[in-house]
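# A look at the structure
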Amino acid sequence: MKGISLRYRALCCGLLGLAWGWSPSVWAQVEPDTSALAPMDSLFQNTALPDPVDPEPEGDIDLIPGVEYTIERIDVAGSGNLDQTVIVLLSGLSVGDRVTFPGEMLQKAIRKLWDQKLFDDVSISVTQKRGNSVVLEIGLVELPKLSKFGIFGVKKSQKDKLREELKLSRGLIVTDNLKYNTRNRIRKYYRDKGYLDADARVEEVPDTTLNNAVLLNIFVEPGPRIRIKDIRFEGNENIKSAKLRKAMKETKRKRLWTIFKSSKLIREDYQADQKLLLDLYNEQGFRDARIVSDTIRRVSKDRVLIEMKIEEGRRYYFRDIAWLGNTKYPNEVLDKILRIRKGDIYDAKLLQERLFFDKNGNDITSLYLDNGYLFFNLNPVETRVEGDSIDFEMRIREGRQATINKVTVSGNDRTNDHVVMRELRTRPGELFSRSDIQRSMRELAQLNFFDPTALDVSPVPNAETGTVDIEYKVVEKSTSQLELQGGWGGGRVVATVGLSFNNFSARNLFNGKAWKPLPSGDGQTISLRAQTNGAFFQSYSLSFTEPWLGGKKPNSLTVSIFHNIQTNGLSKSDPGRQELAITSLTLGLGRRLKWPDDYFTLYTAVEYQVYRLRQYTGLSFLGYQSGQSNSLNFKFILGRNNTDVPIFPTQGSNLSLGLELTPPFSQMGQRELEDAEARIRYEWIEYHKWKFSGSFYTQMAKNLVLHSRTEFGLLGFYNPDIGLPPFERFYVGGDGLQNFVIDGREIIGLRGYPNSSLSSAAGDPLYTKFIFELRYLVSPNPQATVYVQTFAEGGNSYRNFETFNPFLIKRSLGAGVRIFMPMFGLLGIDFAYGFDPLPGGINPSGWQTHFIIGQQF
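Residues numbered from 1 in each chain as written. Predicted model: local features only at pLDDT ≥ 70, side-chain atom pairs only at ≥ 80, totals over all residues. Heavy atoms only, no water.

With that settled, the discussion passes to helix H8 (residues 331–338). Three or more residues of H8 are buried, namely Leu334, Ile337 and Leu338. Viewed along the axis of H8, the buried residues span an arc of 100°, placing them on a single side of the element. More than 90 degrees from the buried face of H8, the exposed residues found are Glu332 and Lys336. Where H8 is buried, its residues touch strand E12 (317–324), helix H9 (348–355), helix H10 (364–369) and strand E14 (389–397). (Buried < 20%, exposed > 50% of the residue type's maximum accessible area, 1.4 Å probe, protein only. Helix = DSSP H or I, 4+ residues; strand = E, 2+ residues; numbered from the N terminus. Arc of directions from axis to C-beta. Contact = heavy atoms within 4.5 Å.)

Pairing is mixed across the open sheet formed by three strands, whose spatial order is E15-E17-E16. The open sheet has two free edges, formed respectively by strand E15 (403–410) and strand E16 (456–462), since each of these has just one partner strand. Averaged over neighbouring strand pairs, the angle between their axes works out to 15° when direction is ignored. Note that E15 and strand E17 (residues 467–473) share seven bridges and pair parallel. Within E17, the position partnered with Thr403 by the bridge is Thr467. Strands E16 and E17 of the sheet are contacted by helix H12 (residues 434–447), whose axis makes an angle of about 20° with E17. (Pairing = 2+ DSSP bridges. Axes fitted to C-alpha atoms, helices over the stretch in contact; angles between N-to-C directions.)

This part covers empty space enclosed by the protein. Counting across every chain of the model gives two cavities of 30 Å³ or more. Surrounding the second largest cavity, Arg681, Tyr682, Trp684, Ile685, Glu686, Ile722, Gly723, Leu724 and Pro725 form its lining. (1 Å grid on protein atoms, 1.4 Å probe; cavity = no way out; pocket = protein on both sides within 12 Å on 5 of 7 lines; lining within 4 Å. Points joined across faces, edges and corners; volume = space filled by probe spheres on them.)

In this structure, Pro596 follows Trp595 across a cis peptide bond, with omega equal to 0°. Considering the arrangement of structural elements, one finds Pro596 in the loop between strand E23 (579–592) and strand E24 (600–614). Unlike most non-glycine residues, Asn703 shows phi in positive territory, near 70°.

Turning next to the packing of aromatic side chains. Both the distance between ring centres and the angle between the ring planes are used here to describe each pair of aromatic rings. Scanning the model with the defined rule gives 22 aromatic pairs in all. Look at Tyr368 and Phe376: their rings are 4.3 Å apart centre to centre, the planes differ by 15°, and that puts the pair in the stacked class. Here Tyr368 matches Phe376 in class, with each residue buried. An angle of 80° between the planes, with centres 6.3 Å apart, marks the rings of Phe449 and Phe450 as edge-to-face. Residue Phe449 shares its accessibility class with Phe450, and that shared class is buried. Taking the ring centre of Phe219 as reference, the NZ or CZ of Arg201 above it sits at 4.5 Å. (Phe/Tyr/Trp six-rings, centres within 6.5 Å; stacked < 30°, edge-to-face > 60°. Lys NZ or Arg CZ within 6 Å of the ring centre and 35° of its normal.)

A few words now on the side chain of Glu711. Secondary-structure assignment places Glu711 in strand E28 (residues 704–716). Taking relative accessible area as the criterion, Glu711 reaches 10% and is therefore assigned buried. Separated by 2.9 Å, the side chains of Glu711 and Tyr767 make a polar contact. (Polar contact = N/O pair within 3.5 Å; in protein donor to acceptor, adjacent residues only side chain to side chain.)

A separate point is the pairing of E14. Note: E12 against E14, six bridges, orientation parallel. Paired with Ile321 across the two strands is Phe392, which belongs to E14. Where strand E13 (residues 377–386) and E14 come together, nine bridges link them in antiparallel fashion. Looking at the pairing, Asn377 lines up with Arg397 of E14. Linking E13 back to E14 in an antiparallel pair, the connection comprises two residues, with Gly387 at a positive phi of about 65°.

The next point concerns the environment of Asp197. With respect to the element layout, Asp197 can be found in the loop between helix H5 (176–191) and strand E7 (199–206). Sequence separation between Asp197 and Pro222 is 25 residues; the distance between their C-alpha atoms is 6.8 Å. The contact partners of Asp197, leaving out residues within four places of it in the chain, are Glu221, Pro222, Pro224, Ile226 and Arg298. There is a polar contact of 2.9 Å between the side chain of Asp197 and the side chain of Arg298.

The next subject is H12. Spanning 14 residues, H12 covers 20 Å between terminal C-alpha atoms, matching the ideal 20 Å at 1.5 Å per step. The element H12 is largely enclosed, with a buried count of 10 among its 14 residues. The elements touched by buried residues of H12 are H10, helix H11 (417–421), E16, E17, E23 and strand E25 (627–641). Note on H12: the residue one or two positions beyond its end, Asn448, has a positive phi of about 65°. (Expected span 1.5 Å × (residues − 1).)

Next up on the list: the sheet that holds E12. Taken together, three strands build an open sheet; the order of strands is E12-E14-E13 and the sheet is mixed. Edge strands, defined here as strands with exactly one partner in the open sheet, are E12 and E13. Across the sheet, the mean angle separating the axes of adjacent strands is 20° when strand polarity is ignored. Its contacts with the sheet place H8 against E12 and E14, and it is angled at close to 140° to E12. Where H9 meets the sheet, its contacts fall on E12, E13 and E14, and the angle it forms with E14 comes to roughly 20°.

Turning our attention to the packing of helix H2 (residues 84–91) against helix H3 (residues 104–115). Close contact between H2 and H3 brings their axes to 8 Å; oriented N to C, the two are set at 120°. By the angle class used here, H2 and H3 are oblique. Of the residues in H3, those in contact with Ile87, Leu90 and Ser91 of H2 are Ala109, Lys112 and Leu113. For the contact of H2 with H3, a count of residues per class yields four nonpolar, one polar and one charged. (Parallel < 35°, antiparallel > 145°, perpendicular 65-115°, else oblique. Nonpolar A, V, L, I, M, F, W, Y, C, P; charged D, E, K, R; others polar.)

Quick look at the structure:
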């Protein structure tokens with residue numbers, strides 16, 4: 001045999017493994033991604049390797065077929081920047097191996113080199129022969145490498161997004177497969193956005209500045225965005241077309257009122273929505289329903305029409321339901337929970353919910369799992385389908401009750417273990433309960449120390465011992481807040497500094513090693529705030545809360561103190577100085593109740609306030625300008641909060657009923673106060689204040705929540721000779737911010753109207769307020785939670801019960817945005833239109849802009 005060369009040629013290959021050295025480029029360069037490249041094995045499926053090409057003469061070298069020759073040396077030609085030793089190792093050949101010509105070993109060597117997806121041509125040749133020894137040469141032709149790529153035909157913003165999507169990088173081997181996948185990724189990117197005609201063209205141009213390198217010019221043609229003009233159904237006799245269209249979550253026809261859903265056509269979403277249609281039919285008893293055909297027709301350049309033909313089939317009903325294997329609970333108990341009777345319309349979804357997972361926990365599986373039966377198994381079996389009726393047999397394997405063996409928590413890098421563990425409802429030695437796990441997860445989210453989207457739990461059961469280990473996984477998030485503000489108000493610069501540490505550790509206050517940068521981890525809260533615009537206004541406050549006083553029960557202790565001063569700017573020695581100073585000290589205790597359920601809390605507090613007036617004109621309507629008033633009041637707040645998360649609740653409610661009252665000091669003495677001076681009448685402030693608020697959250701769709709809220713407030717008095725107190729009155733209207741008014745008034749926000757514009761100058765003792773908000777979560781990121789909202793709002797304040805009319809309210813509509821950042825708290829802006837005139841006016845309030853800092857409406 002005169003010379004020999006074994007050669008195969010690749011159609012396309014991709015990069016795998018070896019690094020290349022390249023000079024910097026101004027073109028787009030991102031990290032490589034080989035996930036989109038088709039595996040080379042797929043090129044050989046159902047296709048045998050081609051036979052070796054006839055040997056090419058390499059001189060007078062005689063090789064005898066079937067005779068074994070020893071490899072004396074292996075040379076590599078055409079490897080370029082690749083290490084020749086690595087090439088030999090990849091081939092699987094070694095000096096000293098014995099080979100035949102032709103032979104399986106050489107074919108395997110070529111296959112291994114092909115599998116690297118680096119070469120356009122691979123050959124093995126015999127260059128020398130001495131006796132039974134041969135010298136082999138591995139000949140390679142490298143595929144070109146990518147040096148740069150450019151994108152043409154779209155705007156710069158789209159180019160940047162496409163670069164992230166394509167994941168092309170300098171040094172990537174350019175193959176037909178790479179160009180094919182690049183084109184497909186661009187088409188998919190645009191088709192997911194509704195550009196069904198999108199296409200791309202990839203051109204390969206040699207790079208003359210580098211050896212064996214190419215440029216890729218990518219020409220993008222997005223085409224028009226295709227929208228759905230209409231969706232029509234045929235054969236739907238029992239379910240109206242409007243209801244079928246509503247069941248399709250992502251595929252919507254173009255309508256003016258389509259706000260949160262676009263009308264673009266995406267194939268994957270369309271197929272998923274077809275399944276939802278059939279699910280709707282199954283819920284109505286049509287278990288044999290199917291889509292016979294569907295047609296998508298182009299009716300214009302940028303519009304399509306979807307037509308579906310449906311075969312509903314017959315409607316089925318539940319008949320006999322039997323229980324098998326249940327020893328813990330009798331049939332009557334299980335039937336009561338299942339709540340499905342003979343003759344009810346067959347509903348597969350409802351059956352699954354009642355058997356396995358009802359959102360309120362009222363299902364068969366929860367009944368067992370909440371009582372320790374972790375190894376419980378339920379298998380519903382259709383035993384007979386007769387006519388339009390279906391019989392079921394519920395086959396139960398109860399298993400043994402599981403006891404909790406070990407409870408652990410991981411991921412709490414800052415928060416101490418005992419802070420997390422005390423919130424958990426699952427404890428070692430107790431029976432396993434799924435509802436306890438769900439409640440524990442809710443309590444961890446309510447702490448607001450952890451990312452609620454990253455909370456996880458891992459039960460690890462052991463069937464042999466009848467125990468289960470439970471691990472809670474958390475991810476810490478920033479909880480402290482810093483408030484630094486510089487603004488303009490009242491014609492002056494206003495400066496605010498505030499600090500709030502929501503996971504503080506007071507016991508480590510004097511431990512230098514715990515300051516990182518502050519001692520944290522014990523769940524305590526300490527807040528400091530100072531605000532001033534110079535001599536005219538100053539406010540200082542400090543509060544501390546221990547949520548678990550004593551560490552054994554969730555009884556909280558709160559201590560707070562504040563001091564506010566409002567003046568006309570003159571010095572203390574000036575006889576014309578006007579001043580109102582308020583100093584307050586509050587001591588509060590809170591505890592969780594077990595009745596009516598353990599979502600209830602009771603907060604009680606005692607507060608002592610001192611009001612010092614010096615020629616203050618803000619209360620001149622009462623004839624009270626100078627003097628000192630004292631207030632000793634007691635607060636009782638009964639609340640119930642079962643919302644799922646604190647920042648963007650999607651379900652549950654938050655109710656609060658509060659009573660704040662002082663002793664009836666005027667009834668304790670014998671003084672006549674009807675004609676007494678104001679400083680004597682108001683020496684001891686007396687009143688009772690009632691407040692109720694209720695917020696309700698309903699999830700309408702993914703990330704879409706309806707929030708409804710109602711409020712009511714009443715300020716009353718004991719002695720008609722004294723009447724209402726000069727402080728604690730309600731002022732309705734505006735954004736709800738206190739601004740710089742510190743004379744003891746309570747500001748009630750009502751968007752669409754200026755601040756405090758809906759109440760009398762002296763304030764009012766009665767108000768009502770109603771809110772409906774439709775919220776949409778834009779970003780769930782715990783570092784910057786963002787949601788937008790539209791709202792309808794109404795409310796008013798009243799001078800007494802005689803003028804009270806719950807239907808006589810000031811109305812507004814508007815929209816806004818909220819951003820919650822752990823460092824700064826809740827920030828937002830609202831634009832609202834007030835439909836009604838201000839008191840004494842005739843024209844609507846009109847458009848108002850409201851800035852939101854820290855408070856909720």
